[in-house]
Amino acid sequence: MTNIQFIATDLDGTLLNSEHKVSQENEQALKEAVEKGIEVVVSTGRAYFDVKSIFDQLGMNTWVISANGAVIHDPFGEVYHSTSLQEENAKRILAWLEERDYYYEVFTNEAIFTPNRGRELLEIEMDRLKSANPDTDIKILEHAAEVQYSQSGFAYIDTYEELFRREQQLSFHNILGFSFFHDRLKAGWETFGQDPNLTLVSSADHNFEIGSKDASKGQALTKLAEKLGIPLSQTAAVGDSLNDESMLRVAGVAVAMGNARKDIKELADQVTLTNDEHGVAHMIRHLLK
């Protein structure tokens, strides 16, 4: 086993269990890794302030790659690197989402902006699904919606146009579109997936996430390893979703969660336990042996 100096972990579906918490086992293992001088890094599609609220409870300060690689914060909360969508691209994406009544989230340097009627939009979709297919398990859909609402740092808007009328210019790190309908998700991929200026990924079954072509977890991990003077061969990364693919491809050791998508498991070097079986702790202990 290579001497691992750097471990990057995704949050949702990875370090966080089904209750969106860091288990005691995972917390303990992270702290053991830090004690052994290993750089523990969080790499997530979530916003930085969200990660901070989780890690403050653990009493840990780590490097954080957020918004799918668009931003890197150092352990003191200072921005080390940031890359944003060009304003005209952000406008075009948001106009498209709003015209078609998608629930969306705009990750910026100030807040996560989302429509005032966001919950209503998702409830309308759930009702439509239920009437089209009475066997739909609404509990699963409600749970997926709750995951979106559970983030911290929201600000509410009536229209995306408000974001471009402000005195102070926002940095648009990432835009998430969300739908329970497969055809609506597919439309997002078809509309933006081939654009050479954009990176399109997904972190869960019901979303697509759009960032700048220079933003990905893999690019951010590479940049941070270079900054810390750690060769990529001495890095490990763990994740479960499509937005983790780029970092799993560049890391020296790529680990997929037991609950990861099939294609993510196939590209990984190792598969650990699920997020409800403390898979991150299992991986860390294996790496520390």
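Residues numbered from 1 in each chain as written. Predicted model: local features only at pLDDT ≥ 70, side-chain atom pairs only at ≥ 80, totals over all residues. Heavy atoms only, no water.

1. Focus on the environment of H81
- Of note, H81 is situated in strand 5 (residues 79-82).
- Along the chain, H81 and G37 lie 44 residues apart, while their C-alpha atoms are 23 Å from each other.
- For H81, the contacting residues outside a window of four places in its chain are A70, V71, I72 and K223. (Helix = DSSP H or I, 4+ residues; strand = E, 2+ residues; numbered from the N terminus. Contact = heavy atoms within 4.5 Å.)

2. Regarding the sheet that holds strand 3 (residues 63-66)
- The strand order 5-4-3-2-1-12-13-14 describes an open sheet built from 8 strands, whose pairing is mixed. Of all strands in the sheet, those with a lone pairing partner are strand 5 and strand 14 (270-271), marking the two edges.
- The pairing of strand 2 (residues 39-43) with strand 3 spans 3 bridges and is classified as parallel. Bridge pairing in strand 3 places V41 opposite W63.
- Each of strand 1 (6-9), strand 2, strand 3, strand 4 (71-73), strand 5 and strand 12 (235-239) touches helix 7 (residues 217-228); the most contacted strand, strand 3, lies at about 155 degrees to it. (Pairing = 2+ DSSP bridges. Axes fitted to C-alpha atoms, helices over the stretch in contact; angles between N-to-C directions.)

3. Let's talk about the packing of aromatic side chains
- Summed over all chains, the structure comprises 10 aromatic pairs.
- Geometrically, the ring pair formed by F178 and F180 is edge-to-face, given 5.2 Å between the ring centres and 85 degrees between the ring planes. Both residues of the pair, F178 and F180, belong to the buried class.
- Its guanidinium or amino end placed over the ring of Y149, R119 lies 3.8 Å from that ring's centre, counting from NZ or CZ.
- Residue placement shows R128 over the ring face of F181; its charged tip is 4.4 Å from the ring centre. (Phe/Tyr/Trp six-rings, centres within 6.5 Å; stacked < 30°, edge-to-face > 60°. Buried < 20%, exposed > 50% of the residue type's maximum accessible area, 1.4 Å probe, protein only. Lys NZ or Arg CZ within 6 Å of the ring centre and 35° of its normal.)

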